[in-house]
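Spelled out, the chains give:
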Amino acid sequence: MDLFLQEGSRVWLKEDGVNQPCTISSVSGGVVIFTTDYGEVYTYKLKTLSRQRVCVMSQESRDGVEDMASLQELHDGAILHTLHLRYTQQLIYTYIGSILVAVNPCVCVSGVYDEAAVELYSAGGRGQLPPHIYALANQTYRALWQRHDNQCVLISGESGSGKTESTKLILRFLSAMSQRSQPTSSHVENAILESSPVLEAFGNARTAHNSNSSRFGKFIQLHFSYRGNILSGQITHYLLEKNRVVRQNPGERNYHIFYTLLAGASTEQREALCLSPPESYQYLNQSGCITDSTINDKLTFQHVLGGLSTLQLSESCIRNVLQVLSAVLLTGNIQFLTAGGAAVSTNTVLGQLANMLCVDSSLLSEVLTQKSMMLRGELISTPLTIEQAEDSRDSLAMALYSRLFDWVLRCLNKRIHGDSSFRSICILDIFGFENFEVNRFEQFNINYANEKLQEYFNKHIFCLEQLEYSKEGLEWENVNWNDNGECLDLIEMRLGLLALLNEESHFPKATDATLLEKLHSQHLRNQFYVKPRMATHQFGVKHYAGEVLYEVSGFLEKNRDTFRDDILNLLKESRSDFVYELFERIPCQNVESLRNSKHGRLTVSLQFKNSLHSLMSTLSTCNPFFVRCIKPNNNKMPGQFDWQLVLQQLRYSGMLETVRIRRRGFPIRLSFQDFYSRYRVLLRGSALLDDMKGWCLQLFHRYNSAESNWRIGKTKVFLRECLEAVLEKQRDSEILKAVTLIQAHVLGYLQRRQFHRLLQSIVVLQKSFRALLCRRRYLRVRWASVVFQKVLKGQRVRRMYKQLLEDQRENWRREEERRREEDKRREEAQRISQSADALDQSESGKASQQAADSPEEDVASSASTDSPEELSGEVLSKVEAFPPDVPADTAWEGEEAWQVEEILRLEREMELLRRRKEETERSLGAESQERLRRLRDAIDAQASRAAQHFLHVLNFHEIDECVRSIESTLPDTHAHSQIHTQTHAQAAGREEEDVDEGLGADDSPNPSETGQSDGQRTSGIRSGDESEEEEELYANERMPPPTQPHAANHSLPSSGGPAYCPLQSEEGEELIPPDEDSEDEDVAMTTRQSSSHANQWPSQQRVSIATSTSSGAQYYSSEASMEGSDDDFDRCDSDGDSLGRRDSVYSCVTLPYFHSFLYLKGGVLSVWRRRWCVLRDEMLLWFRAKQEALKQGWLRKKGGGSSTLSRRNWKRRWFVLRQNSLLYYTNDKEDQLKGALDLRSAREVYECPDRVNGIDVVMPDRTYHLTAESAEDASHWFSVLSQVHGSTEQEISEMNAEQANPQNAVGSLDVGMIDSVCACDAPDRPFSFVLQFSQRLLECRADSAEEMHHWITLLQRSKGDARVQGQEFLMRGWLYKEWSGGVAKQLRRRWFVLTHASLDEYSSSQSNAPKRSSLLLTSLCTITHTHAPSGDWAVAVYGRRQEYVLVFKLQSEAQRWAAAVQDVIDSKPPVETHTQQLLLNIKENSLNSELVEQIYLRNPLLRYSKHSLRTPLLALPYGPVERRGHRRGSLHSEALKMFDSLLQLEGVANPVSAIQGLLQTAWELRPLREELVCQLLKQTSGDAAPLSNWQIMACVCCNFSPASRSLLTHLKFHLKRWVRARECPEDTEVARLAAFSYEALRRVCGRARECVSSQQELSAILRFQDMNTHIHCHGGGVCKISINSHTTAGEVVQRLLRGLQMEDSRNMFSLFEVRGQAERALDSRTAVADVLAKFERRTAEGAAVQTDCRLYFKLYCHLDTHSVHPTSMEFAFMFEQAHEAVIQGRYPAPVETLQILAALRIQYLLGDYNSQNAWPDLEQLFPVSRLRSRLQACTSLSRSNSAHRKRSSFLEGTLRRSLRGRARAEESQEEAWFEQEVCVLRGNVQEKWARLEGMSQQDSMLKYMNIIREWKGYGCSLFNVQCADGVYPEDLWLAVGQENVGVYKRGEAWPLEVLSYELILSFGAPQPNTLCISTQERHLLFLTEQVVDIARLMKTYISLIVKRRVSTCQSISNQGNHW
């Protein structure tokens, strides 16, 4: 002891159970003074110290370590001291193995996170550098390639420990690594980094423990490519704390975005957004904390705007975001006051809020202060109390902010969305554990999430690791750790905290007190549940981090997340598209899906639980890295280290246990094969061993022979991080050497290959250039030879011509000489006389000589001057005139001229096609052009690949021989001619081999010489224009290029042959090589030659090409492709497209089956339980006892005794089928056996058709007749008995276990959900194995080792069946499917498998069972709960082509399957039709009018059609619909019928009734409204659209508008387009209809009609006229007024007031709907056309009951009954209405007063008394009903007395007829008495009338009103009610007045009670026909059918009171004018 107890020694002092680091300050006088490193001083006597209290500190602990796993002293103090020591040295990071511990420095540390640190840690591995967050990020990044799976980083810790900053640092490092892997940074990285300020501003706030606390959890997924750059990302958020928007605890702040907005907004933004200082907002000033010194709000606002711009949000979107934020703040400033309920008192703020949200301020005030509900088809508004109104206000603010937060996150995900083909890194930054002074619902969910994360941490750090050691046989001593599984069971299990909370939330009358009572009663004995002794509104939970008490107030309200439908509907009707988009996808409660059909919509806690389980499932598939963040102090002060706070965090997070297991354990675990694959490079020189284990041992002994850092297991190797670092470093060194060597060889190879390619290219270029030169020389020589031939031939012809001339001249001379000789002999005698004639003859001979010499000179001159073409043409014409025997060549010049003309014609056609193609491309939209570009790129890629293949097969070695052969022919023209002649002969006789011509292949010889067109040789090498034209043609028509004629496929000779032979693909299509470079003239020649070849195609091909050119450009918009088609049903009757490709459910051959007894422990089973376990149908079931019976149940058996009675009796027996014996007992106790049947010896078992549910078992001695209780039971019994009858003993034994009823099982689990199955080698638990799930472990123990291994084999085998065709199944099991097989529906038992794509049906659960059918699940599928005939629960699933009706015995099972299928449906993306895509395309190009016009012209969806549709234009849900209580067809069929109706209405003379029926269909089936609008958009497009469709469009726009905002926008665009385009006179009718429809649509938007238009209204719409209606007034007055479809009752009242000159009336008037004796005041916003339509409908429906339906103009609210001038029109209305109340009996007065009033009325009508005047009807003067009721009361009393006497008579039945006669007599006597009373009354009235002689009409009216005003209740509206609670008499009057509400006994003048509006808290209708008025003391209940009228009138009076209180500028008269 004395050795280390010296001054200055470093020791551990154990104080309060904690080892504290101390320095011995003094040792003297037997006293030792210890000074701790935390500033505390302890003094002990030396003799009291022991080694258990004081021990020496090791050197490692003194200096500190970077990895706490290397600590020698394992206790809490050592870990705490290490963290403290490093914290004081500003080293905030420390390792625990692979776990990183980060202590928050609470200050920005410079130089730790800069670019140099990123560079440093990106190059170094773990262990080479100090601990850092970048080191862990680098390790995670590199693990993507090392471990071949996804990675995740879990950042945990308390609030304020630095989790958010750690997340940002990891993201920064990963972004830097991504940028290094590619030259340019992607938008994903920038968006993720720049969006961080946005998420922090919207999701972070100041709390009591943290100034920048994340109030939501985020899960960031970064998807990387194989190269290492970020491809995409996704951010998922969990449980945004919406309650913080409306209230904060003291010292906390709201979300940062509000303060940054108020601090950074400009002056213009402040004015536009109505911003004020933050102190003026209720949502910001209630906590007392406005500013935060650690946050620069103004600078943050600029960062937020920059982040929003990074998300590519436009200025208008950013303005809308700020506008909604301002609306949230303004919502909190709305105040309420009490006036018969809550009313808004701050109208200015209300108006500003309405402007921000773009809604009507009056409607906004109504939804905030009133609750709407439907009563008997009418909407009634019930006022709310101030507390309820404030809740509505706060719910509006929370909904606005939460939806805005979701929208911002959705924009961010859209921005970073992309490919996710490789692997991903997930980062979880979720809220830390919280324990405040007051913990509410949010803290409960936050701590629940932390419990789940702690469980995940424990599972991976402790449970799985120790289980792995045990499985691999390593010597290991288990480390004890705190398991929080039981705490999670308390929260999650059945009847746990969450279950009870959700259950109470679904009860309307449940309160927080009832919830707390249930929690206490259910979990009081649970050790993790805490019931406080003193607090009455709290409950506690012992979490892993400590005990937390939760305030139960507000739990139910927050869990329900009440957001009323009327508020939601108002926001959906907002004029702002942004506000509409925020709430577009939120369904109302009345249309909520059947996700949880039992209780309605999901609660907040249930949604959070589902999201959390989904998160855990995602994390379970990733390799985790952990970051533990530690908060050093609660004051957020830098440099302060609260060791007690840190120690608490270390203890509940299990840090000591983590250090122990990391120190003793081996966290790196690799299989032998993986280890060998990764590190085999380290033993390259060693001989390769066949034994992998031996190879691993050899490697370990080389690098660590001490076996301290590694172990060898059965199948894996185990390493510590230090040894892994050594191996990795050595591996990197070896790989670097190998890489360097490989690089050297590869670079050398690449250079050599490049050189060879260059050399080869040079040779090819040389050959090609030489060939080009030779070819050009050859062509010049050939052309010269042709010229030479032409000249030579010309010379021959001219020489021949000269010879012919010489011969002719010689003949002429000979003839002349002969004639001369004859003349000389004949005229010799006359020589002298004819000498003159001889002289003349000699002169004529000379002239002929000159004529003969002139032709020779002409021919010579023409041969020297004429061109070859002219010469050849002239000579040819002359030669043709010669005889045939003259030799001449063929006429070659004509054919050449014809080909030139053909080429020119084809070039003109190609130019025309090119221009058409350019016009078509310009008319296409951006999307179509992009699709065309992609098709061209695909074609070019395919052509390039074909060209590359073609170039490899080309033969270039013959080019020199070809050149030499050409050169050899140049000197000798004659020889060239001979070669040319031989070429013709060879081309005609056979085909030669192809010869490579190089680049000169484009220059082809003359077609006339080769005998083949050049287009055939150059068809594969096209010019640019031609290539684009063909590509467009083929891309649009989806057809291969036209093939060449068969005659053109032969090869050409070498002298002029093609450069290649066209290669053929497998389908026979020509592979087109890429275009090659050539000169301009060559390209032009190729184009012309290719065009000339097009003329040689057959005529059919030319026609097809022309057709495709004209129609192919419109292929993308063909009507058939848009409308779709229905495929034929296959034999499987399936919705899927690939049913025939998969026949089996599973990959294995047969499903495993086994059963035995096992001991189970796990989950809620805290002890070992022996259970009988059965594995069948991929389900593991366990029972309390073994179920030996195959089947058991009650059956009726016919007697088989000898007596007749026994044979006819049917006895009810209990039948039990065991093995092959069928036993029957007298009862189900099985104590009295009556008989047994051996089914193996039975002859036959068959169903008896003569009896219902009958089964007969034929035994050798007799036949047993049995009857089941139901058809299903009979079918099951028959199936089991038949199967046992034909089975062997082994099969029956297997059946015995397979027939275990799952309903009797204690528990069950799906084997497919098991992650792994492994044996456990614990000595205390022999033959045990563990089933590992994603979140749980189940330990099992068998009775023997063989049985254990058998179970493991079967369960592991089943694990491979967890996927079906590559998809994981969600649920599977045996279900009963309803099948219509004849007259009655039957039930068939089928095996169903639910996957993420479909619901599949199989005949059995065997692996080779064929799939019978499949229902493909999309977002259009629906689920309904139908009625099963057997009384069971049925669920119907409707698909596109079929439906499944599934029947369940248990309601819970039906709900589970329905919820699972609904989840799959909800996960599917919305189905978009071509119509929706088209609308989006038009919206994107709305500014380009020309392009829009082209879309309208080309797209068939916007083209009028005379043919019926095949599919609807919009995506409509599947399933049947109900109309008027009857089940009709589907929405699809109704939509098609609707379009057929449109076609039938064309040309109908009077289509009003048909149009009304069409509108009624769309009105009743709401989804068809938008479908009808789309159909009308189609049928009103184009000039061919008939006028009737435009008329229907006008009628539709007057009735309703599309709910979809995009469709509404397009409809307005469509109407405006036609208004602008049809302003010419001939189209005025269409233009008027379009303009009328647009105006009607503008007025109907936001104002829903109550019913379909009447026929009168429709007729007026078609005639462009207003309707005329009559408004009745008291006294018989009628006003004729014109209205349209949108005229409201308020507008009519204003017009009547102006017409009657009553604008300044003091009272309020209204229109009344009067039907017989019933009347109802119309709301000012009610359309009068709707009332007239109701009148028409009632007249048509109730023709037998004729009721007078009228509109009356009457006083509604009496506001001033004394100041009205008697001569005014208003006074006349008051007089008439008062008299109406009198004659209706609603004026309580004596008979004498009523007679006076009657006399005054007669005086007013007739003047002075005159006996001759005709009296008006007495019922118009006096309340005759009052007189009759008095007589009936008297007679009823006498009748009751007589009836009492008659009931005592014995002859009651005998005297019945006499009593009937007496009743008739009494009725006649009563009528006589009534006549007498009327006569007396008439006389009294006449007497009083006579006394009024001389009184004027005005005076009589004034005196009449004076008498009326004497009653105090005048001015109140009286309603007949009945008392419902017995407080008052039964028959009452409820008088609703200006200041109060009075309760009168009917007929009496004095009230029973008067209730002022200030005393009324609320009023409404809790039940139909029940009115409840609530005050502070009690609730008054009245029964009446006029609940709606009473509530509306009270609401009107209250609103007037509120307006007076807030000093509104409008007077009461103006209020009346508004009505």
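Note that the structure is a prediction, hence the values are computed from the model and not measured.

Draft legend 1. Expanded view of the overall build of the protein. Secondary structure assignment for the protein yields 63 helices and 62 strands. By the burial criterion, 48% of the 2019 residues in the protein qualify as buried. Of all intrachain contacts in the protein linking residues separated by at least 6 positions in sequence, the fraction that spans at least 24 positions is 66%. Total accessible area on the protein is roughly 99100 Å²; 50% of this is exposed by carbon and sulfur atoms.

Draft legend 2. Representation of the sheet that holds strand 22 (residues 668–671). Strands sit in the order 22-24-23 across an open sheet of three strands; the sheet is antiparallel. With one partner strand each, in any of the chains shown, strand 22 and strand 23 (710–712) form the two edges of the open sheet. Recorded for the sheet is a direction-independent mean angle of 20° between the axes of neighbouring strands. Helix 26 (residues 672–679) rests against strand 22, strand 23 and strand 24 (716–719) of the sheet, and its axis sits at about 95° to strand 22. Packing against the sheet, helix 27 (residues 692–703) makes contact with strand 23 and strand 24, and its axis sits at approximately 160° to strand 23.

Draft legend 3. How the structure looks around the packing of helix 49 (residues 1552–1564) against helix 54 (residues 1655–1662). Running from N to C, helix 49 and helix 54 cross one another at 110°; their axes reach a closest spacing of 10 Å. In terms of orientation, helix 49 lies roughly perpendicular with respect to helix 54. As helix 49 packs across helix 54, the resulting crossing turns out to be right-handed. Residues Val1552, Ser1553, Ile1555, Gln1556 and Leu1559 of helix 49 form the contact with helix 54, whose own contacting residues are Gln1655, Leu1658, Ser1659 and Leu1662. Classifying every residue of the contact of helix 49 with helix 54 by side-chain character gives five nonpolar, four polar and no charged.

Draft legend 4. Region of the structure containing helix 62 (residues 1987–2005). With 19 residues, helix 62 ought to run about 27 Å at 1.5 Å a step, and its terminal C-alpha atoms sit 27 Å apart, in line with that. Among the 19 residues in helix 62, 14 count as buried, and that is most of the element.

Draft legend 5. Structural context of the nonpolar core. Of all hydrophobic cores here, the largest spans 187 residues; its most connected members are Phe202, Phe258, Leu325, Leu364, Tyr401 and Phe539. Apart from residues no more than four positions distant in its own chain, Phe258 is found in contact with Val245, Leu284, Leu325, Val328, Leu329 and Tyr401. Formed by 62 residues, the second largest nonpolar core is a distinct cluster that contains Phe1735, Leu1821, Leu1892 and Met1905.

Draft legend 6. The side chain of Lys1754, seen in detail. Note on placement: Lys1754 falls in strand 55 (residues 1749–1757). Dropping the residues within four chain positions of it, Lys1754 is found in contact with His1674, Phe1709, Ser1710, Phe1712, Glu1719, Gln1777 and Glu1780.

Draft legend 7. Quick peek at a nonpolar patch on the surface. A cluster of nonpolar side chains, Ile742, Val746, Leu747, Tyr749 and Leu750, forms an exposed patch at the surface whose accessible area comes to about 460 Å². With respect to the secondary-structure elements, Leu750 resides in helix 28 (residues 721–826). Overall, the relative accessible area of 35% leaves Leu750 in the partly exposed class.

Draft legend 8. Broad picture of the side chain of Ser326. Relative to the assigned elements, Ser326 resides in helix 12 (residues 315–332). Judged by relative accessible area, Ser326 falls into the buried class, the value being 1%. Residue contacts for Ser326: discarding those within four places in its chain leaves Leu261, Leu273, Leu275 and Met356.

Draft legend 9. Here's a closer look at the state of the cysteines. On inspection of all chains with the given rule, the structure shows zero disulfides. Cysteine Cys1173 is unpaired, with the sulfur of Cys1340 as its nearest cysteine sulfur at 6.5 Å.

Draft legend 10. View of the sheet that holds strand 6 (residues 93–96). The sheet built from seven strands is open, its strands ordered 6-7-21-8-17-11-12 with mixed pairing. In the strand order of this sheet, the two ends are held by strand 6 and strand 12 (230–238), each with one partner. Ignoring which end each strand starts from, the neighbouring axes of this sheet average 20° apart. Two strands pair when backbone bridges link them, and strand 6 and strand 7 (residues 99–103) are joined in this way by four bridges, in the antiparallel orientation. For Tyr95, the partnering residue across the bridge sits in strand 7 and is Leu100.

Draft legend 11. Examining the packing of helix 3 (residues 115–123) against helix 5 (residues 163–180) more closely. Helix 5 packs onto helix 3 with a crossing angle of 70° between their chain directions and a minimal axis gap of 11 Å. Here helix 5 runs roughly perpendicular to helix 3, going by the angle between their axes. Only Phe173, Ala176, Met177 and Arg180 of helix 5 make contact with helix 3, whose side of the interface consists of Val118, Glu119, Tyr121 and Ser122. Broken down by class, the residue content of the contact of helix 3 with helix 5 amounts to five nonpolar, one polar and two charged.

Draft legend 12. Examining the packing of aromatic side chains more closely. If you walk through the whole model with that rule in mind, you get 38 aromatic pairs. Ring centres of Tyr113 and Tyr134 lie 6.0 Å apart, and the angle between their planes is 80°; on these two criteria the pair is classed as edge-to-face. On the criterion of sequence distance, the pair formed by Tyr113 in the loop between strand 7 and helix 3 and Tyr134 in helix 4 (residues 133–146) is long-range, its members being 21 residues apart. Residue classification places Tyr113 among the buried residues on the basis of a relative accessible area of 17%. Of the residues examined, Tyr134 reaches a relative accessible area of 0% and is grouped as buried. Summarising the aromatic geometry, the rings of Phe675 and Tyr679 are spaced 4.9 Å apart at their centres and angled 50° between planes, so their arrangement reads as tilted. Separated by four residues within a single helix, Phe675 and Tyr679 lie in helix 26, roughly one turn from each other. We note that Phe675, like Tyr679, is buried.

Draft legend 13. Highlighting the pattern of salt bridges. In total, this model carries 60 salt bridges according to the counting rule given. Beyond isolated ion pairs, a larger network of salt bridges with shared partners links Glu815, Glu816, Arg818, Arg819, Arg820 and Glu822.

Draft legend 14. Expanded view of the environment of Ser1403. Note on placement: Ser1403 falls in the loop between strand 44 (1398–1402) and strand 45 (1411–1416). Judged by its relative accessible area of 30%, Ser1403 is partly exposed. A C-alpha to C-alpha distance of 6.1 Å links Ser1403 and Trp1391, two positions 12 residues apart in sequence.

Draft legend 15. The arrangement of the environment of Val1548 in detail. Within the secondary structure layout, Val1548 lies in the loop between helix 48 (1531–1544) and helix 49. Taking the relative accessible area as the measure of exposure, Val1548 reaches 38% and is therefore partly exposed. Along the primary structure Val1548 and Ser1588 are separated by 40 residues, whereas in three dimensions their C-alpha atoms are 8.2 Å apart.

Draft legend 16. Representation of the pairing of strand 19 (residues 538–543) in the model. Burial analysis of strand 19 places five of its six residues in the buried class, the great majority of the element. Judged from the two bridges that link them, strand 18 (residues 529–530) and strand 19 form a sheet pairing that is antiparallel. Paired with Tyr529 across the strands is Val541, a residue of strand 19. Where strand 19 and strand 20 (residues 546–551) come together, six bridges link them in antiparallel fashion. From the neighbouring strand, Phe539 faces strand 20, where its bridge partner is Tyr550. What sits between the antiparallel neighbours strand 19 and strand 20 is a turn of two residues.

Draft legend 17. Broad picture of the pairing of strand 30 (residues 1191–1198). The alternating pattern of strand 30 places Lys1191, Gly1193, Leu1195 and Lys1197 on a buried face, while none of Gln1192, Trp1194, Arg1196 and Lys1198, on the opposite face, is buried. Sheet analysis places strand 30 next to strand 31 (residues 1210–1218), joined by eight bridges and oriented antiparallel. Bridge pairing in strand 31 places Lys1191 opposite Leu1217.

Draft legend 18. Spatial organisation of the environment of Met398. Checked against the element boundaries, Met398 lands in helix 15 (residues 386–416). Accessibility expressed as a relative area gives 19% for Met398, which makes it buried. C-alpha separation for the pair Met398 and Glu241, spaced 157 residues apart in sequence, amounts to 9.3 Å. Among residues more than four places away in sequence, those in contact with Met398 are Lys242, Asn243, Val245 and Val246.

Draft legend 19. Structural context of unusual backbone geometry. You will see that Cys106, though not glycine, has its phi angle at about 60°, which is positive. Here Cys106 is to be found in the loop between strand 7 and helix 3. Despite not being glycine, Gln312 shows a phi value in the positive range, around 60°. Mapped onto the secondary structure, Gln312 falls in the loop between helix 11 (297–310) and helix 12. Assessed through its relative accessible area of 57%, Gln312 is described here as exposed.

Draft legend 20. Quick look at the confidence of the model for the protein. The share of residues in the protein with pLDDT of 70 or more is 76%, and the mean pLDDT across the chain is 76. Between residues 591–600, whose pLDDT stays under 50, and residues either more than four places distant or in other chains, the model counts 19 contacts. The low-confidence segment residues 850–893 (pLDDT under 50) makes 25 contacts with residues lying over four places distant or belonging to another chain.

Thresholds, definitions, all that
- Residues numbered from 1 in each chain as written.
- Predicted model: local features only at pLDDT ≥ 70, side-chain atom pairs only at ≥ 80, totals over all residues.
- Heavy atoms only, no water.
- Helix = DSSP H or I, 4+ residues; strand = E, 2+ residues; numbered from the N terminus.
- Buried < 20%, exposed > 50% of the residue type's maximum accessible area, 1.4 Å probe, protein only.
- Contact = heavy atoms within 4.5 Å.
- Areas by Shrake-Rupley, 256 points an atom, 1.4 Å probe, with all protein chains shown as cover.
- Pairing = 2+ DSSP bridges.
- Axes fitted to C-alpha atoms, helices over the stretch in contact; angles between N-to-C directions.
- Parallel < 35°, antiparallel > 145°, perpendicular 65-115°, else oblique.
- Left-handed = near helix turned anticlockwise from the far one by under 90°.
- Nonpolar A, V, L, I, M, F, W, Y, C, P; charged D, E, K, R; others polar.
- Expected span 1.5 Å × (residues − 1).
- Core = buried A, V, L, I, M, F, W, Y, C linked by side-chain atoms within 4.5 Å.
- Patch = residues over 30% accessible without salt bridge, like charges linked within 9 Å, V, L, I, M, F, W, Y side chains within 5 Å.
- Salt bridge = Lys/Arg side-chain N within 4 Å of Asp/Glu carboxyl O.
- Disulfide = S-S within 2.5 Å.
- Phe/Tyr/Trp six-rings, centres within 6.5 Å; stacked < 30°, edge-to-face > 60°.
- pLDDT = per-residue confidence, 0-100.

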